[in-house]
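Each chain is listed here by its residues.
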Amino acid sequence: MSHPLFPFFLALASAAAAFLPISSAARRRNFLFGALLSCTAAAFVAVPVLLSGTPSAWGPVRVDRFASYMISLVAIVAALASLAATHYLAHGQKKGTITPANEKTFILFFMLFVLSMWTAVAADNLALLWIALESTTLTTTLLVAFDRSRGAVEAAWKYIVICSTGITLGLLGVLMLIHSAVGANLGAGALTLSSLSAYAGSLSLDTLRWAFVFLFIGVGTKVGFVPMHTWLPDAHSKTPSPISAMLSGILLNVAFAVLLRAKLIVDAASGSSGWTDTFFLTFGTLSVALPSFIMLVQKNYKRMLAYSSVEHMGLMAFAVGLGPLGTFAAMMHMAGHALAKPALFVGAGEMLHEYGSTRIADVRGVVERRPKTGVLFFIGLLALLAAPPSALFMSEYIMTSYGLTRQPLLTVIILALLVMIGFGMMRSAIEMLFSSETAEPRTHATGSERWNLANVAMLIGIILCFALGFALLNAPGRDFFMTLSRNLTR
Amino acid sequence: MHITLINAILAGATLATSIRAAGALRFHTLVRSYAASALFLGLFVAGLAFERNAPELYLLAATAIALKALIIPAVITRAADRAGMSMRLSSTLRPAPTYIVITVLITVVTAMALRSPFAAGADPEYLLLVAVAMVMIGLAMMVLRRDLLSQVMGFLVMENGIAAFSFAVIRDLPFLVELGILMTLTFGIVLMGTVSGRVRELYGTENTQALNELTD
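Each value, and the rule that gives it
Residues numbered from 1 in each chain as written. Chains lettered and ligands numbered in written order. Predicted model: local features only at pLDDT ≥ 70, side-chain atom pairs only at ≥ 80, totals over all residues. Heavy atoms only, no water. Helix = DSSP H or I, 4+ residues; strand = E, 2+ residues; numbered from the N terminus. Rg over C-alpha atoms; globule rule 2.2 N^0.38 Å. Buried < 20%, exposed > 50% of the residue type's maximum accessible area, 1.4 Å probe, protein only. Contact = heavy atoms within 4.5 Å. Areas by Shrake-Rupley, 256 points an atom, 1.4 Å probe, with all protein chains shown as cover. Lys, Arg positive; Asp, Glu negative; His and termini not counted. Charge placed at Lys NZ, Arg CZ, Asp CG, Glu CD. Core = buried A, V, L, I, M, F, W, Y, C linked by side-chain atoms within 4.5 Å. Axes fitted to C-alpha atoms, helices over the stretch in contact; angles between N-to-C directions. Parallel < 35°, antiparallel > 145°, perpendicular 65-115°, else oblique. Left-handed = near helix turned anticlockwise from the far one by under 90°. 1 Å grid on protein atoms, 1.4 Å probe; cavity = no way out; pocket = protein on both sides within 12 Å on 5 of 7 lines; lining within 4 Å. Points joined across faces, edges and corners; volume = space filled by probe spheres on them. Buried area = accessible area lost by both parts, 1.4 Å probe. Polar contact = N/O pair within 3.5 Å; in protein donor to acceptor, adjacent residues only side chain to side chain. Phe/Tyr/Trp six-rings, centres within 6.5 Å; stacked < 30°, edge-to-face > 60°. Nonpolar A, V, L, I, M, F, W, Y, C, P; charged D, E, K, R; others polar.

(A) Focus on the overall build of chain B. Of regular secondary structure, chain B possesses eight helices and zero strands. Secondary structure elements of chain B, listed N to C terminal, follow the sequence α-α-α-α-α-α-α-α. Taking 2.2 N^0.38 as the reference for a compact globule, 216 residues should give roughly 17 Å; the C-alpha atoms of chain B span a radius of gyration of 17 Å, in line with that estimate. With the C-alpha coordinates aligned to their principal axes, the bounding extent of chain B is approximately 50 × 35 × 35 Å. Within chain B, buried positions represent 56% of all 216 residues. When contacts within chain B are restricted to residue pairs at least 6 apart in sequence, those whose partners lie at least 24 apart make up 75%. Taken as a whole, chain B presents about 9,100 Å² of accessible surface, with 66% of it coming from carbon and sulfur. In chain B, 15 side chains carry a positive charge and 13 a negative one; their mean positions are 10 Å apart.

(B) Here's a closer look at the nonpolar core. Counting residues in hydrophobic clusters, the biggest one holds 267 residues, and the most contacted among them are A:Tyr69, A:Phe110, A:Trp118, A:Phe225, A:Met246, A:Phe256 and A:Phe481. Discounting residues that sit within four places of it in the chain, A:Trp118 has contacts with A:Pro7, A:Phe8, A:Ala11, A:Ser38, A:Cys39, A:Ala42, A:Ile71, A:Val74 and A:Ala75.

(C) Representation of unusual backbone geometry. The residue after A:Pro388, namely A:Pro389, is reached through a cis peptide bond having omega 5°. Residue placement: A:Pro389 occurs in the loop between helix H15 (371-384) and helix H16 (391-406). Following B:Asp123, the chain continues to B:Pro124 via a peptide bond in cis, the omega torsion being -5°. Along the chain, the position of B:Pro124 falls in the loop between helix H5 (118-121) and helix H6 (125-144). The backbone of A:Asn185 shows a phi angle near 55°, a positive value even though the residue is not glycine. If you trace the backbone, A:Asn185 turns up in the loop between helix H6 (150-183) and helix H7 (193-198).

(D) Geometry of the packing of H6(B) against helix H7 (residues 148-169) of chain B. Residue and element names in this part refer to chain B. Relative orientation of the contacting elements H6 and H7 amounts to 160°, with a least axis distance of 7 Å. In terms of axis orientation, H6 runs roughly antiparallel to H7. Relative to H7, H6 is oriented so that their crossing is left-handed.

(E) Up close: the layout of surface pockets. Residues and elements named next belong to chain A. Of the voids in this model, the largest pocket is the one considered here, and its volume is about 630 Å³. Forming the boundary of the largest pocket are 29 residues, of which Tyr88, Asp147, Pro240, Leu352 and His353 lie nearest the centre. Broken down by secondary-structure element, the contributors of at least two residues to the lining of the largest pocket are helix H3 (65-95), helix H9 (231-238), helix H10 (241-270) and helix H13 (324-355). Looking at the lining of the largest pocket element by element, the count peaks at six residues for H3.

(F) Representation of the interface of chain A and chain B. With 41 residues of chain A at the contact, the number on the chain B side is 41 residues. Summing both partners gives a buried area of about 3,900 Å² for chain A against chain B, and 78% of it is carried by carbon and sulfur. Considering only the surface of chain A that becomes buried against chain B, A:Arg150, A:Glu154 and A:Trp157 emerge as the three largest contributors, covering 20% of it. Counting across the interface, chain A meets chain B through four residue pairs in polar contact (both at pLDDT 80 or more). Ranked by residues supplied to the side of chain A that touches chain B, first place goes to H6(A) with 21 residues.

(G) Molecular detail of the environment of A:Ala348. All names here are of chain A. Turning to its location among the elements, Ala348 is positioned in helix H13. Classification of Ala348 as buried rests on a relative accessible area of 0%. Along the backbone, Ala348 and Gly374 are 26 residues apart, and their C-alpha atoms lie at a distance of 9.6 Å.

(H) A look at the side chain of A:Ser248. Residue and element names in this part refer to chain A. Turning to its location among the elements, Ser248 is positioned in helix H10. Only 2.7 Å separates the side chain of Ser248 from the side chain of His236, close enough to count as a polar contact. Apart from residues no more than four positions distant in its own chain, Ser248 is found in contact with His236, Ser309, His337, Lys341 and Phe345.

(I) Main features of the packing of aromatic side chains. Residues and elements named next belong to chain A. Summed over all chains, the structure comprises 26 aromatic pairs over all chains. When the centroid spacing of 5.7 Å and the interplanar angle of 40° are considered together, the rings of Phe212 and Phe216 count as tilted. Placement of both Phe212 and Phe216 in helix H8 (residues 205-223) is noted, with a separation of four residues, approximately one turn of the helix. The same class applies to Phe212 as to Phe216, namely buried. What links up through ring pairs into an aromatic cluster is the set Phe212, Phe216, Phe225, Phe256, Trp275, Phe279, Phe280 and Phe283.

(J) Spotlight on the packing of helix H4 (residues 100-122) of chain A against H10(A). All names here are of chain A. Close contact between H4 and H10 brings their axes to 10 Å; oriented N to C, the two are set at 20°. What the angle tells us is that H4 and H10 run roughly parallel. Like other packed secondary-structure pairs, H4 and H10 cross with a definite hand, here left-handed. Of the residues in H10, those in contact with Phe106, Phe110, Phe113, Val114, Met117, Ala120 and Val121 of H4 are Ile243, Met246, Leu247, Ile250, Leu251, Val254 and Arg261. A per-class count over the contact of H4 with H10 returns 13 nonpolar, no polar and one charged.

(K) Main features of the environment of A:Ala319. Residues and elements named next belong to chain A. Turning to its location among the elements, Ala319 is positioned in helix H12 (residues 301-322). Relative accessible area serves as the criterion here: at 0%, Ala319 is assigned to the buried category. On a C-alpha basis, the gap between Ala319 and Ile398 in space is 9.2 Å, while along the polypeptide they are 79 residues apart.

Structural measurements only, silent on function.
Shown next as structure tokens:
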């Protein structure tokens, strides 16, 4: 079960199982079982490497400590999303909005999407890495357009055109990396990240910097850095919530991980991280700034969550640009955001089911009408806004206190922007959750909400986010992230 | 005629037909210009295969010609005929200003490419210039054009430019890698076609200006 490719085969088998001639209920059960089994298998592959630091490799796939960390995060988010997706599909079938054929498409692309993300983070071969990254776009495009409304199809169009263009520019960057390796006579190793890292000192710095610029613009589009973020609020707000949970919670991190790998190579070649840090600091600050203003005027709660993802990617980039201790904080932040954001998107999906609208003004009295969803959404939001003891509190505390010593002016600006974001999101959430009900007809009696799989997914995500926060209060938790970040800094 | 001269002519023809595609405001002109550009690039790759004595490149050239010069244009034309798509395409600029903008852009990016570290090792050097020019033309088409089809075509031109770049700067990119990238991009184009078909169904137009439902 610990063979590096085992979870990949399981995910593929689960995708194929969607087409077995069985009832919808059985198909959903198979899907949930297959998804959870694949994620467990991924954990079996990742955890030993995560603890020992000894990489395992098979062909073009190489699972080192950072890859195993990313595989684990993908597995956790995918497991949470599969719980919510099972509930989403059952609800859609009941309402008649999802046909069995649509359900098969959903399951197929869900599993292929997870498979693509695992491949992207575990790929050592540059071409495979690029193909996997582009596949994450290709496997999710039809999921973005899943509800077939005008808005969803518009979002899917922008998503595929902008992301594919970005990733295609990223391909230029990949080709430039290969060119630098060929120029240094690395031979058969020219196509692998590990050999580029190992022999970075002998590569042409000029070529690497050109490659980094193209990778940063191309893959940065996928990360959602401002100003290449324009597809993100549309796609994340129109996609079915379990998929939004994965897009926001982990896909952005997968793309971010690729940039970190590229940064490491360029920094090793130049002997300093100053040049690449400037990119991360600039785009990071921009990506926190724009959402902070939009949050104050945002009228759509799913778009609000999507802009929050842009902000968190910006914070991570800012932290990485600060230096080694910033990268340590960014790694914690990545995990905290990956755990809290899916809970919120799944909660947003539940509110959409209940109220039939994503407009903040149309949603009132959630805590009264759907108490479990409302309370979990509120706690999840507190976790996302870095209320202690959330893992995000620890990461933001470290990044800002370190930032005040490295980039005091930028850090003060970032802190001011974070206050604006906190205010904007909290104001909207309080209006939706706690203000009195509208005259809309109710589908549930007050306070009668029963536990469902979506609530379970929210609860697990939130518990893990706070548990991580507690773990970071102790030395072993911090040591784990320190070791992880040491592999990503010079 | 010597093979290197033939290759130079084919590379020039690839660029010229891409520029023609950028200015085309009629559906069939655009599709034919793109198909011609893809055909010339495919023949160029076959020429390289001969020049470099690399038989696997013949297979790549044949696959690229079949996919990009024949199948994709045929599928797009058939889908457009079926959907009753307008034969008149939409752009923010008329053809003459488009050509001027593209000429300026090509001048800038080729000047940059000549100063880049890739110029020294590019083989042949003119292919590097053709490649960066095509990437720029593709990007310009995606920005300037206002209809779904032209934007997809812009992406295709850009993708041809990147393929040309790989031939210019990396001599021995493994065949499977080239093929994998080509197939991935082709699948992306098929998906773009599918989504653009749905946009046309729901919005009743190919004009991307109509896609304004999602705002903050």
